[in-house]
Amino acid sequence: MAKLHKSGTAPTASGERPLPPADVRPSAPRSRPRSLRSILFRYTLAPTLALAVLLCLVFTLQQMNDRRDLLLSHGRASAEQLIELIHLSSGHSFEERIEWLDKSLLALMLDRDMIRSIQLYRSDHGTDNTETFTLISSVGPRPRTTHSPDDLRGKQAHIHEDVDSLQVLHPLKGEGTNCWLVIELHRPYFLVGTYQVALIGLIGLILCALTALIWAVYLSEKASRHISGFRDTLRDIGSGHFCARVEAPNNLELAQFADEINQMAQNLADHQREYQESLHQSMEDLRQSLDAMEEQNIELELARKKAVENSRVKSTFLANTSHEIRTPLNGIIGFTNLLLKTEVDELQQDYLQTILRSSESLLTTINDILDFSRIESGNLVFEHTPMNLGQVLEETLQILAPYAYEHNLELVPFIDPQLPPSQIGDPLRIKQILSNLVSNAIRCSVDGNISVRVSVQSGKESELITRINITDLGNRIDEAGRRELKQLLSSRRHQQQQQLSSNGMGLSIARSLIESMQGEIGISDGESGGFTYRLSLPLAVDRNRSAVTREQFPACRIMIADPNPMTRQQIVQLLHQWRAEPMAHNESQTLEPTLEQLWRHDALPDAVIIDTAFAGEEFDQFIATVQKLVDTFQCRIIVQGSPMDLRRCYDALRTRVLAFVGKPVAREGLLRALKRAVPHQSHPRPLTGSFPPLPWPTKPRVLVVDDYEANRLLMGELLRGQNIEAIIANNGEEAISLWREQQIDMIFMDIQMPGMDGIAATARIRSEESNSRTPIIALTAHVGAEEKSRLLSAGLDDYLSKPVSEAQLNHTIKRWMEMRVQPPQEATARLESRPVDISESLKLSNKNPELGRDLLQMLLKGLYEDEEELGRLYRAGDHRGLFERVHRLHGGCCYCGVPRLRDATEKLQEQLRPYAAQEDASQNHAANQDSKVDDQLYRTVIQEVRALRDWAADQDLAALFGLESAQDPGAEPKKALN
């Protein structure tokens, strides 16, 4: 707790006192506290001294006034007595009177000690007629103050007082002349008396002060003794001695104060006793709680171990279930694809497509079951295989179409023509996302169209962002369902504890998958009152696949007879991409007259696409109309509609129409129909579908190891279709025997087999390898991150998850057998080792996948700059600089599993080592003139750098090192190259 300053504010972190607010004035500094003794002295002595001084002054002034009055009264009486004597002697002569007056005045002076002098003046007129005072008689010293006749003329007897003298002036009565008697009084008479009174007052003042001081000391000592007792008692109470008490003094107020202190001590003692009792009780309760918590912790630990064991059992069960289901699905899907490549009619092809889609739907369901566990545990792993997003969308909509037709809905896909023909991604997971979102849109809609639009939002050389918009009608969902959807897809992160409906659970899984792919999903209100689900997915462009050559139908006029404007818009868009000229028609009543009019003017379209929606419930009339158009006007008819409607008219029209196209309309299905309807634009059908055989200089030999017969047959057929010789083995022992006896270029190894499993067989092959390293690709139904890391650490080069698709297989073969298309001498050198050895990287990083991934990524990021700098130094002939650059590159290779580049840089470094010892540029230039760098070694280094860059462009390092599950779903994916 911060220590407060005197101002009441706490100091800041820097120790400085904070400034007061602008509207608060700083308080005046407090004076030093005074002691009780000083206060008693002040309030005891001060009034006493003031009162004594006041009384002394009053008494002295009173005495001075009385003595003055007495002096003046004596002066007046003396003057009046002399005046009477002068009047009594009026019968004598002037000289006699003067003599007598002198004697009377002298006698008066002798009798009166209060008179200083007496003078008698007479006013006379001089020769110049001026009036002056003439002293007639005088006794005593000369007066200090004299008067003129003008000052006294007309005045009566009075007192004259100034600073110098005090005089009594009295005129003579009955005289014709102006005569005045002046008696000057003796001033020290009353001053001495005043001093005496003042001295007496001072003595009294001193006595009062001493008395007050003694009393103040007595009171202060008594009060201090009581207060000291209070202080000592409070100190003892503050120290915890609550038994201390204060003795009650005689004073009432202090006695009350002592009682309060004693009561406070008693209360504190009671509180302490209660606190100790409560503390003891709390300690006892805490001990019991700790015992209970210890028991609960033991139970929780047992429950945790049980939960971990249950989770392990659940994961094992899910993995085994996945393996047992994926293994037969691999055969079903694979052989269905092979059967689709044979010559079958359209109805059989439709059945096969239904089998294929149902199998893929089952595979999606299996992925849903596994994803529940993987999303919870954070072990979700994505595939990185070639795919076509448009084809994935069309297959998803075809699977969901029957469910949509139950609610009178049509699913209409719109695919951006700018979308590349092949991308790298996880088609099963994307199909799972689309299936959940479109299924939810179907549950919210009835009677109408649900459009799904795929567009390219942004793209670069090797990656692109695709946007998918799914718009429903929203006329079959209540307000509560609307709020749930908005809350689920619009909030940043949904609360897992909230109870969700089945719709919300599927959307929650879809959202988790999208965020794990570093994509985004949102929801907005649609124009028709429903919702538009907006999601964006980042995909990599498959640069190993050549662009697919699309069929074109220039100048072909195609009529689309369909009452649904959205499906007409879809087909018109596809026809424009194929350079055809679409003609839209939306009325069934005017279709026959319109075609008849065009027939009469010899302007019939090259083909007519008629939708079964024109039939309504009158299929007999629709069949008759189509037969008439074919028989009468020789129209080339393509019938499109739902699979159920096509079955109703298939038997009656299969000999009349040229093709049947099921809804939702897929690009490949419509393209096949147009090629039948417009034969002059058709091309021969490829024997192997979308994946032509790779151009091998010599026929490779690939060993397929699997204990399941259907998988062996499927892999053999797929490899033979790629012009590859397939060698079949049933188990690990047979695979090792065949590998020893024959020259094998590549091995597809099943992991879970009876007896010797795939990992043990791989370890045996790796231990017996000498110079060349055979690529071994794992075939497994376990697709967890731990499984992938375990396989790579065990020495396998890559893995394929079951069921294996033809696209995945071709992509893997092309990546690992790429050296077969090079000249034989270069292929022999490159077969010795692969560009990157993940197991070696893990070994060099002490089995730390993150460290191994980061070291390899640092090397890959600098490859382009290294290649440019090596070329510049080689062309400039700077052998010393070239040695330093190669030495630096070789040092980076020593910490990564890149054996081929490491060997090439080591050989070139040794050949350049003599140039490293040159002191200056002149020596280096002279040495450069004498010898040259081996061109073959330099070209080998450059070739390995480029090979490593090409390898990194198609790889996900996090997936190779088994780190995808550890990444944050919201984090940016780490690319192998920037």
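Predicted, not measured: the structure shown is a model, and the values here were computed from it. (Residues numbered from 1 in each chain as written. Predicted model: local features only at pLDDT ≥ 70, side-chain atom pairs only at ≥ 80, totals over all residues. Heavy atoms only, no water.)

## Overview of the sheet that holds strand 16 (residues 637-641)
So, point 1. Reading across from one edge, 14-13-15-16-17 is the order of the five strands in this open sheet, with parallel pairing throughout. Across the chains shown, the open sheet's two edge strands, defined by having one partner strand only, are strand 14 (581-585) and strand 17 (659-662). The sheet shows a mean angle of 20° between the axes of neighbouring strands, taken without regard to direction.
So, point 2. Of the pairings in the sheet, the one linking strand 16 to strand 17 comprises four bridges and is parallel in character. (Pairing = 2+ DSSP bridges. Helix = DSSP H or I, 4+ residues; strand = E, 2+ residues; numbered from the N terminus. Axes fitted to C-alpha atoms, helices over the stretch in contact; angles between N-to-C directions.)

## Let's talk about the pattern of salt bridges
So, point 1. Scanning the entire structure with this criterion turns up 29 salt bridges.
So, point 2. Residue lysine 663 is joined to aspartate 611 by a salt bridge in which the shortest nitrogen-to-oxygen separation is 2.5 Å. Here lysine 663, found in the loop between strand 17 and helix 15 (667-677), pairs with aspartate 611, found in strand 15 (residues 607-611); they are 52 residues apart in sequence, far enough to count as distant.
So, point 3. The exposure class assigned to lysine 663 is buried, which follows from its relative accessible area of 6%.
So, point 4. On the basis of relative accessibility, which here comes to 2%, the residue aspartate 611 falls in the buried class.
So, point 5. The salt bridge involving arginine 853 is made with aspartate 854; its shortest N-O contact spans 2.8 Å.
So, point 6. Here arginine 853 falls in the buried class, since its relative accessible area comes to 6%.
So, point 7. Linked through salt bridges whose partners overlap, the residues forming this network are Glu410, Asp562, Asp611 and Lys663. (Salt bridge = Lys/Arg side-chain N within 4 Å of Asp/Glu carboxyl O. Buried < 20%, exposed > 50% of the residue type's maximum accessible area, 1.4 Å probe, protein only.)

## What about the pairing of strand 13 (residues 557-561)?
Consecutive side chains of a regular strand alternate in pointing toward one face of the sheet and then the other.
So, point 1. Within strand 13, four of the five residues are buried, which leaves it mostly tucked inside the rest of the structure.
So, point 2. Examined bridge by bridge, strand 13 and strand 14 share five bridges and lie parallel to one another. Within strand 14, the position partnered with isoleucine 558 by the bridge is proline 582.
So, point 3. The parallel pair strand 13 and strand 14 is bridged by helix 11 (residues 565-577), and the resulting crossover is right-handed.
So, point 4. As paired strands, strand 13 and strand 15 are joined by four bridges and run parallel to one another. By the bridge assignment, isoleucine 560 is partnered in strand 15 with isoleucine 609. (Right-handed = clockwise from strand over helix to strand, strands pointing away.)

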